[in-house]
Amino acid sequence: MTAHMSTAPVKGTVLNFNLSPAEIHRTTDRLIAESTAVQDRVAAESRPTFESVIVPLATCENEQSAEYNVVTFVQSVSTDKEVRDASTAAEEKLREFEIESQMREDVYKVVRAVFDNASEMDKLGAEDRRLVEKMELGYRRNGLALDKDKREQLGVKQKRLSELEVRFSRNINENDGAEAFTREELVGLPDDFFEGRQIKIEDGVEKFVVTTKYPDLVPLLKKAKNETTRRRMLYADETRCPENIALMQEAVRLRLEIAQMLGYKTHAEFKLELSMAKAPATVLDFEDDLRQRLEPLADRELKEIEALKRADKEAAGEPYEGLFSWDFRYYSAMVLERKHQISDDEVKQYFSMQSVLRGVLDIYERMLSLKFVRVENAPVWHPDVELYEVWEADGTTFTGHFYLDLYPRESKYSHAAAFPIRSGFTRANGTKEYPVTAMVTNFPKPTPTTPALQKHDDVITLLHEFGHVMHGICSRTKWARFHGTSTEGDFVECPSQMLENWGWEPSALQKFAVHYQTGEPIPTDLIKRLVAAKNEGAGLFNLRQIFFGLYDMSIHHTTDPNVDVKQNFLRMREQITHFSNDSNDTWGMACFGHMLGGYDAGYFGYLWSLVYASDLFESRFKHDLESAKAGADYRHEILLPGGSRDSMISLERFLGRKPNNKAFLRSIGLN
């Protein structure tokens, strides 16, 4: 039975997330002091070797990874503002220290001496050799080939950039928008949308408060019949965090200056050096080619949507003025409902979080030959959070821990992500540290009268994010810097995207989708309608993804230090997605967290890696979802290596050939 229960002491080292601000500050200072001492010691080595220089530096990374990640993670989940503030300050301080560390010429000299010692390098195994090569490249990419004055200038710029990135993310997490609407203004929303919802009285009129958190925002944009309501809500979302406009503008300028100081033409050229794509031209060719393929499909979809809105306007006796950004989700949902008789309200009756989570865990247990055990009364950061132990399927070997923090709350990280907390590794003395990952999401919560009912999109998100969790749990690397999702940025989404396919397979859905009241399994007819509708709107949806990727490149693959991040966003969104912007001033890019959250010059990776994910699924799993051989190969060749080897090697070993885009094009309805 999935999710076995355990009341025994938790296996492995349990991490403490309930830190006070003072503890966070002390831990941060200690981590810096310990790391400085290691760097000082290796810098003094007169005969640099792998054992005397590289091993101490990498071992320090291994040992510190958990505490580092805990003190920086709690800003995303703590309910205590002082703790969040301390965590943010800790991240800024640790990032600043990392920049200073990467600028240490004395440490670089001994690392370079090992790198240049052919006889020393020839003795190393593949992962150790990769470690030396990545360390040396990291120092060079941080300016160690520059003269002292330029290195100092570079360090100042890098520290400021790091500070901007932390502040940008914090602003998004802590600045939710909200609007208040009458019941009449929310016509179209189901009854459970109103259950437990905050009410306020304005001028004697009862109104319901709707926030910009996903479980509020998305249903309203999909279901609210009143166009003014949808417009107001999207405006509230896209006028959040005005201070982030200047932060992003400065960050983009600094990234260009840093890249050019290091000898690159643009920031994208600098970033993509470490990717599978390698060069901006490759990315632009990929995006442009796919855009051209999608345009005819999107054009047909637009005509359907336009006809629906024209009919609505005619019925209301109002003029048709075009399609706007707040129309996209509403009319896309309407097309689904009318062509395939699918509505979120019907579908979610079969997807209570309890049954969905049980089903998802069961899928992963079977596929990866694992067993998950939920820990009762576990030490966690919030009562909503659950802790699980992971064991090999036979129950004899402990593998790691994961945490699930599923529901929204004030000031919590506002999207869905898997946070690596601890890398698994084996010490020189044979003792082990086991991997830990936390999944933080914002799925719809239970209401006073219903359990937490999920849309089908939510099921796909859960499958995806839990895929990242398993990448962390199943990875086995010697060094923390290569563990789990520490792969090339344009590959990292691939393993999770591959697992999304189970959410579209009838045989998988029938095992866990049951009506929350009657326990009846999801009707075969509904599954058929869901699957038939999979690619409905694929043209417009994927053009939206291309917009984000091309916007990213427009601000990061340019030599213009003053490229207008706000106007580029608005202009390109209209051009690529074919939906008009609000006539009022908005700044949706200010909450585009990816741009200052590690996906700069990398957003294209979502579609790029989907090419690989589609190939993996169709070639090995499509015709046998429970293939023990395919599951074992997937775990061993895709998940286990992490970033310890080039991802193309992992792909070719799993597929038995080079990957191609045929399955991907079929998967989005293009033949």
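About the criteria used
Each chain carries its own residue numbering, running from 1 in the direction its sequence is written. Local features in a predicted model are, by the rule used here, given only for residues with pLDDT of at least 70; side-chain atom pairs are given and counted only at 80 or more, and totals for whole chains, interfaces and linings are based on all residues. Working from all heavy atoms in the structure, the side-chain values ignore hydrogens and water. Comment: elements are numbered from the N terminus, with helices defined as DSSP H or I runs of at least four residues and strands as E runs of at least two. Type-normalised accessible area, obtained with a 1.4 Å probe on protein chains alone, sets the label of each residue: buried when under 20%, exposed when over 50%, and partly exposed for intermediate values. Contact criterion: two residues are considered in contact whenever any of their non-hydrogen atoms come within 4.5 Å of each other. Here the open area of atoms and residues is found with the Shrake-Rupley method and a 1.4 Å probe, where only the protein chains shown may cover a residue. As used throughout, the charge tally considers Lys and Arg to be positive and Asp and Glu to be negative, leaving His and the chain termini uncounted. Where a charge lies is defined by one atom per residue type: Lys uses NZ, Arg uses CZ, Asp uses CG and Glu uses CD. To estimate the expected span of a helix, subtract one from its residue number and multiply by 1.5 Å. Whenever a nitrogen or oxygen atom comes within 3.5 Å of another N or O atom, the pair is scored as a polar contact, on the condition that within protein one atom can donate a hydrogen and the other can accept it, and that pairs from neighbouring residues in sequence are kept only if both atoms are in side chains. By salt bridge we mean one thing: a side-chain nitrogen of Lys or Arg within 4 Å of a carboxyl oxygen of Asp or Glu. Think of it this way: DSSP has to see at least two bridges between two strands before they count as a pair. In this scheme Phe, Tyr and Trp rings, the latter by its six-membered ring, pair at centre separations within 6.5 Å, and the angle between planes marks the pair as stacked below 30 degrees, edge-to-face above 60, and tilted otherwise. The rule is short: NZ of Lys or CZ of Arg within 6 Å of the ring centre and within 35 degrees of the ring normal puts a charge over the ring. Angles run from 0 to 180 degrees between N-to-C directions of axes, and those axes are lines fitted to C-alpha atoms, restricted for helices to the stretch in contact. A clockwise turn of the near helix away from the far one marks a right-handed crossing, whereas an anticlockwise turn of less than a right angle marks a left-handed crossing. Polarity classes work like this: nonpolar for Ala, Val, Leu, Ile, Met, Phe, Trp, Tyr, Cys and Pro, charged for Asp, Glu, Lys and Arg, and polar for all others, with Gly in that last group. By definition, disulfides here are pairs of cysteine sulfur atoms that lie within 2.5 Å. Residues belong to a common nonpolar core when they are buried Ala, Val, Leu, Ile, Met, Phe, Trp, Tyr or Cys residues joined through side-chain atoms within 4.5 Å. Just so you know how the angles are binned, under 35 degrees is roughly parallel, over 145 roughly antiparallel, 65 to 115 roughly perpendicular, and the rest oblique.

**A closer look at the overall build of the chain**
No. 1: Helix and strand counts for the chain stand at 25 helices and 11 strands.
No. 2: When its C-alpha atoms are laid out on the principal axes, the chain stretches across 85 × 60 × 55 Å.
No. 3: Considering the chain as a whole, with its 671 residues, one finds that 58% of them fall into the buried category.
No. 4: Taking all contacts inside the chain whose residues are at least 6 apart in sequence as the whole, residues at least 24 apart take part in 75%.
No. 5: Of the roughly 28,100 Å² that the chain leaves accessible, carbon and sulfur atoms contribute 49%.
No. 6: Between the averaged position of the 86 positive side-chain charges in the chain and that of its 106 negative side-chain charges there is a distance of 3 Å.

**Observations regarding helix α9 (residues 227–238)**
Think of an α-helix as turning once every 3.6 residues; residues three or four places apart then point the same way.
No. 1: The end-to-end C-alpha separation of α9 is 16 Å, in line with the 16 Å expected for 12 residues at 1.5 Å each.
No. 2: Contacts from the buried residues of α9 go to β2 (178–181), β4 (205–211), α8 (214–223), α12 (280–316), α13 (328–340) and α21 (565–577).

**Some thoughts on the environment of glutamine 64**
No. 1: Of note, glutamine 64 is situated in helix α2 (residues 50–73).
No. 2: Residues glutamine 64 and valine 492, 428 residues apart in the sequence, show an inter-C-alpha distance of 23 Å.
No. 3: In this structure glutamine 64 touches Leu31, Glu34 and Ser35, once residues within four positions along its chain are discounted.
No. 4: Of note is the side chain of glutamine 64, whose polar atom sits 3.4 Å from the side chain of glutamate 34.

**Section: the pattern of salt bridges**
No. 1: For the structure shown, the criterion picks out 79 salt bridges.
No. 2: Notably, a salt bridge pairs aspartate 29 with lysine 93, separated by 2.6 Å at the nearest N-O pair. Taken together, the positions of aspartate 29 in helix α1 (residues 21–43) and lysine 93 in helix α3 (residues 81–102) put the pair 64 residues apart, joining distant regions of the chain.
No. 3: According to the relative accessible area criterion, aspartate 29 is partly exposed, its value standing at 38%.
No. 4: Here lysine 93 falls in the partly exposed class, since its relative accessible area comes to 42%.

**Re the pairing of β4**
No. 1: Across four bridges, β2 lies against β4 in antiparallel orientation. By the bridge assignment, alanine 178 is partnered in β4 with threonine 211.
No. 2: As paired strands, strand β3 (residues 199–202) and β4 are joined by four bridges and run antiparallel to one another. Bridged to glutamate 202 within β4 is valine 205.
No. 3: Counting the residues that bridge the hairpin from β3 to β4 gives two residues, and of these aspartate 203 lies at a positive phi of roughly 55°.

**Examining the packing of aromatic side chains**
No. 1: The tally for this structure, following the rule as stated, stands at 40 aromatic pairs.
No. 2: Seen in terms of ring centroids, phenylalanine 17 and tyrosine 403 are 5.1 Å apart; in terms of plane orientation they differ by 80°. Their pairing is edge-to-face. Here tyrosine 403 lies in strand β7 (residues 398–405) and phenylalanine 17 lies in the loop between β1 (4–6) and α1, a separation of 386 residues in the sequence. The pair phenylalanine 17 / tyrosine 403 is uniform in exposure class, with both members buried.
No. 3: Ring centres of tyrosine 603 and tyrosine 606 lie 4.9 Å apart, and the angle between their planes is 50°; on these two criteria the pair is classed as tilted.
No. 4: Among the aromatic residues, those joined into a cluster by ring pairs are Phe547, Phe548, Tyr551, Phe569, Phe592, Tyr599, Tyr603 and Tyr606.
No. 5: Geometry around phenylalanine 482 places arginine 130 over its ring, the cationic atom sitting 5.9 Å from the centre.
No. 6: A cation sits over an aromatic face here: arginine 197 above phenylalanine 193, 4.0 Å from the ring centre.

**Regarding the packing of α8 against α13**
What describes two packed helices is the angle between their axes and the distance between those same axes.
No. 1: At a minimum axis separation of 6 Å, α8 and α13 run at an interaxial angle of 65°. Classified by chirality, the crossing of α13 by α8 is right-handed. Packed against α8, whose contacting residues are Val218, Leu221, Lys222 and Lys223, the element α13 presents Arg329, Tyr330, Ala333 and Glu337 at the interface.
No. 2: When the residues that make up the contact of α8 with α13 are grouped by side-chain class, the tally is four nonpolar, no polar and four charged.

**A word on the side chain of glutamate 365**
No. 1: Tracing the backbone through its elements, the reader meets glutamate 365 in helix α15 (residues 353–368).
No. 2: Buried charged residue glutamate 365 carries no salt bridge. Nearest counter-charge: arginine 366, at 6.9 Å.
No. 3: From its side chain, glutamate 365 meets the backbone nitrogen of phenylalanine 372 in a polar contact 2.7 Å long.

**With respect to the state of the cysteines**
No. 1: Taken as a whole and assessed by the stated rule, the structure comprises zero disulfides.
No. 2: Considering cysteine sulfurs only, cysteine 494 is the nearest to cysteine 474, which forms no disulfide, with 15 Å between them.
No. 3: Owing to a relative accessible area of 2%, cysteine 474 belongs among the buried residues under this scheme.

**Quick look at the nonpolar core**
No. 1: Ranked by size, the top nonpolar core spans 133 residues in total, and within it Phe466, Trp502 and Tyr551 carry the most contacts.
No. 2: Discounting residues that sit within four places of it in the chain, tyrosine 551 has contacts with Met248, Val565, Asn568, Phe569, Met572, Met589, Phe592 and Met595.
No. 3: Counting residues in hydrophobic clusters, the runner-up holds 31 residues, among them Val71, Val83, Leu94 and Val375.

**Describing the sheet that holds β4**
No. 1: With respect to topology, three strands assemble into an open sheet ordered β2-β4-β3, the strand pairing being antiparallel. With one partner strand each, in any of the chains shown, β2 and β3 form the two edges of the open sheet. Strand-to-strand twist in this sheet, taken as the mean axis angle between neighbours without regard to direction, amounts to 40°.
No. 2: Taken strand by strand, α9 contacts β2 and β4, and its axis lies near 160° from that of β2.

**Thoughts on helix α16 (residues 456–474)**
No. 1: Here α16 contains 19 residues, and its C-alpha end-to-end distance of 27 Å stays within 8% of the 27 Å for a straight helix at 1.5 Å per residue.
No. 2: Counting buried positions over the 19 residues of α16 gives 17, a clear majority of the element.

**Quick word on the packing of α2 against α3**
No. 1: Axis separation between α2 and α3 bottoms out at 7 Å; the angle between their running directions is 135°. With respect to their mutual orientation, α2 and α3 come out oblique. Contacts between α2 and α3 involve Tyr68, Val71, Thr72 and Phe73 on the former and, on the latter, Ser87, Ala90, Glu91, Leu94, Arg95 and Glu98.
No. 2: Partitioning the contact of α2 with α3 into residue classes produces five nonpolar, two polar and three charged.

**Notes on the side chain of glutamate 637**
No. 1: For glutamate 637, the position within the fold is in helix α23 (residues 628–639).
No. 2: On the accessibility criterion, glutamate 637 (15% relative accessible area) is buried.

**Quick look at the environment of lysine 265**
No. 1: Within the fold, lysine 265 resides in the loop between α10 (243–261) and α11 (267–272).
No. 2: The spatial distance from the C-alpha of lysine 265 to the C-alpha of threonine 558 is 8.1 Å, given a sequence separation of 293 residues.
No. 3: Setting aside anything within four residues of it in sequence, one finds lysine 265 in contact with Leu256, Gln260 and Thr559.

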